[in-house]
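# What the coordinates show
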Amino acid sequence: FHVVSRGHMSERPQVCERSMPEQNYLAIPPLLILNDDGRDFEVFMKLRKDYILYAKGDVLTKKHREILYNNEVKSLYIKAEEKDSYEKHIDKNFARILHDKEIPLEERTKVFYEHGSNVAQSIYGKNFPVIVDKAALKKLKQFVEISFVFFAQNKNAFRSLRSIISHNYKTYTHCIHVMAYTYFILNEMHLDEKLLVKIGLGAMLHDIGKTAIPNAILDKPARLTPEEFELVKTHPVKGMSICQLINLPHISANCVLFHHEKLDGSGYPAMTRDIPDYVRAMTLADIYDALVSERPYNKAFSPFEALKIMRKDVERGKLDQDIYKIFVGLLSQSQIIA
């Protein structure tokens, strides 16, 4: 059994074919597999239409992972029924993977994005009310803490994100984007690390109230009626209700409640002008990511076009001018609007 690209695999576990329907398998990135703590799920490779058993339990070593990477194997596969075991393995090894300097930064950034998408989807994919259990909140907080250490130690991670961020709008990936953009803005403002984690948690949950809005409205491929728009505008308050259920820190809850407020009082739900700096930063990140994403009812703008639109709101006194300048500087340095 060989993978042809940069050469053959000289080391490999014993393999055997498994014939199961394709929908019974899930693709995973090879770099997410470590055997430091062992695994209790099987790993497969896909050869044409067949799935080949590549590794059992703790058979897959770091050397095998390197060989997979060198041979440009983009995906391995697990059985769908073993998804929970796989996610527990990633939870256990996430920090170790992100801090492994032997793995290229771009690949570690992909790991951040892949795992973050799974964490966020597990929350936003549930019906209202959501994440009322402490375990889910703890898992989300750990993801934010580990991610922010990774960002702090790898300044070029922001640039790496540009190549993997999806512009096909999904609420859960949108929240990851907003969290990352908000971190890098506030890091330039030298905020305290513990405060950053609370804000990051709020950024990940800022749209959690949308789980109480019917998908037929959120995914509507046309302009909303006035009545539908008024319902959508209730999502910060609905999100705040969830924050109270899970006893979220008030700084995190502020991100949920106030992320649609504007400095001139024209926002919602409170129409307040008294908006903390960290929420102002998150609001900019939220608006930017929404503008550059493909939505059911709107095309994606280019980064340059999005910033022009946002600039008008800065001039109208709706968005913070100083924070806007910081964000433009970050995008320019990372060649996102070059």
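One can find the structure itself at the top, above this paragraph.
These notes cover the structure that comes with them. (Residues numbered from 1 in each chain as written. Predicted model: local features only at pLDDT ≥ 70, side-chain atom pairs only at ≥ 80, totals over all residues. Heavy atoms only, no water.)

## Some points on the pairing of strand S5 (residues 76–79)
As a reminder, the rule being used: Exposure classes here rest on a 1.4 Å probe applied to the protein chains alone. A residue is buried below 20% of its type maximum, exposed above 50%, and partly exposed in between. Secondary structure elements follow DSSP: runs of H or I no shorter than four residues count as helices, runs of E no shorter than two count as strands, and numbering proceeds from the N terminus. Being paired, for any two strands, means DSSP has found at least two bridges between them.
Because side chains alternate across S5, one face comprises the buried residues Leu76 and Ile78, and the other comprises Tyr77 and Lys79, equally buried. Two elements, strand S2 (residues 25–28) and S5, share four bridges in a ladder whose sense is antiparallel. Each residue of the ladder has a partner; that of Tyr25, found in S5, is Lys79.

## With respect to the nonpolar core
What tends to happen in soluble globular proteins is that the nonpolar side chains get buried as a cluster. Put simply, the rule reads: What is meant by a nonpolar core is a set of buried Ala, Val, Leu, Ile, Met, Phe, Trp, Tyr and Cys residues, joined one to another through side-chain atoms within 4.5 Å. By definition in these notes, contact holds between two residues if any of their heavy atoms fall within 4.5 Å.
Core analysis: the largest hydrophobic core is formed by 90 residues, its most contacted members being Phe112, Phe151, Met179, Leu205, Tyr288 and Met310. By residue number, the principal contributor to this core is helix H6 (residues 171–188), which donates 11 residues. Residues in contact with Phe151, not counting those within four places in the same chain, are Phe112, Ala157, Met179, Ala180, Tyr183 and Phe184. Residues Tyr25, Phe44, Tyr51 and Tyr77 belong to the second largest nonpolar core, which totals five residues.

## Things to note about unusual backbone geometry
With an omega of 10°, the peptide bond running from Tyr268 to Pro269 counts as cis. Here Pro269 lies in the loop between helix H11 (250–258) and helix H12 (277–291). A positive phi angle, near 55°, is found at Asn247, a position not held by glycine. Among the residues examined, Asn247 registers a relative accessible area of 68% and is labelled exposed.

## So, the packing of aromatic side chains
Counted only if it meets this: Note on aromatic pairs: the rings of Phe, Tyr and Trp (six-membered ring only in Trp) are paired at centre separations within 6.5 Å, and the planes decide the class, stacked below 30 degrees, edge-to-face beyond 60, tilted for the rest.
In this structure the tally under the stated criterion is 18 aromatic pairs. Geometrically, the ring pair formed by Phe151 and Phe184 is tilted, given 4.9 Å between the ring centres and 45° between the ring planes. A residue pair is termed long-range when its members are at least 10 positions apart, and Phe151 in helix H4 (residues 134–153) and Phe184 in helix H6 qualify at 33 residues. By the burial criterion, Phe151 is buried, and Phe184 matches it. Taken together, a centroid distance of 6.0 Å and an interplanar angle of 65° make the contact between Phe158 and Tyr181 edge-to-face. Here Tyr181 lies in helix H6 and Phe158 lies in helix H5 (residues 157–161), a separation of 23 residues in the sequence.

## Focus on helix H14 (residues 321–333)
To keep things clear, this is the line we draw: Expected helix span is given by 1.5 Å per residue-to-residue step, counting one fewer step than there are residues. Summarising the geometry, the arc corresponds to the directions from the helix axis toward the C-beta atoms. Polar contacts here mean pairs of N or O atoms no more than 3.5 Å apart (in protein, one a potential hydrogen donor and the other a potential acceptor; neighbouring residues in sequence count only if both atoms are side-chain atoms).
Between its first and last C-alpha atoms H14 spans 18 Å; for 13 residues at 1.5 Å apiece the expected length is 18 Å, and the two agree. For H14, the full list of buried residues reads Ile323, Tyr324, Phe327, Leu330 and Leu331. Looking straight down H14, one finds that the buried residues subtend no more than 125° of arc, so they occupy a single side. Residues Asp322 and Gln333 are exposed on H14 and point more than 90 degrees away from its buried face. Where H14 is buried, its residues contact H5, H6, H12 and helix H13 (303–315). In this structure Asp320 caps H14, since a side-chain oxygen of it lies 3.0 Å from the backbone nitrogen of Asp322. Trailing H14 by a residue or two, Gln335 shows a phi angle of about 60°, which is positive.

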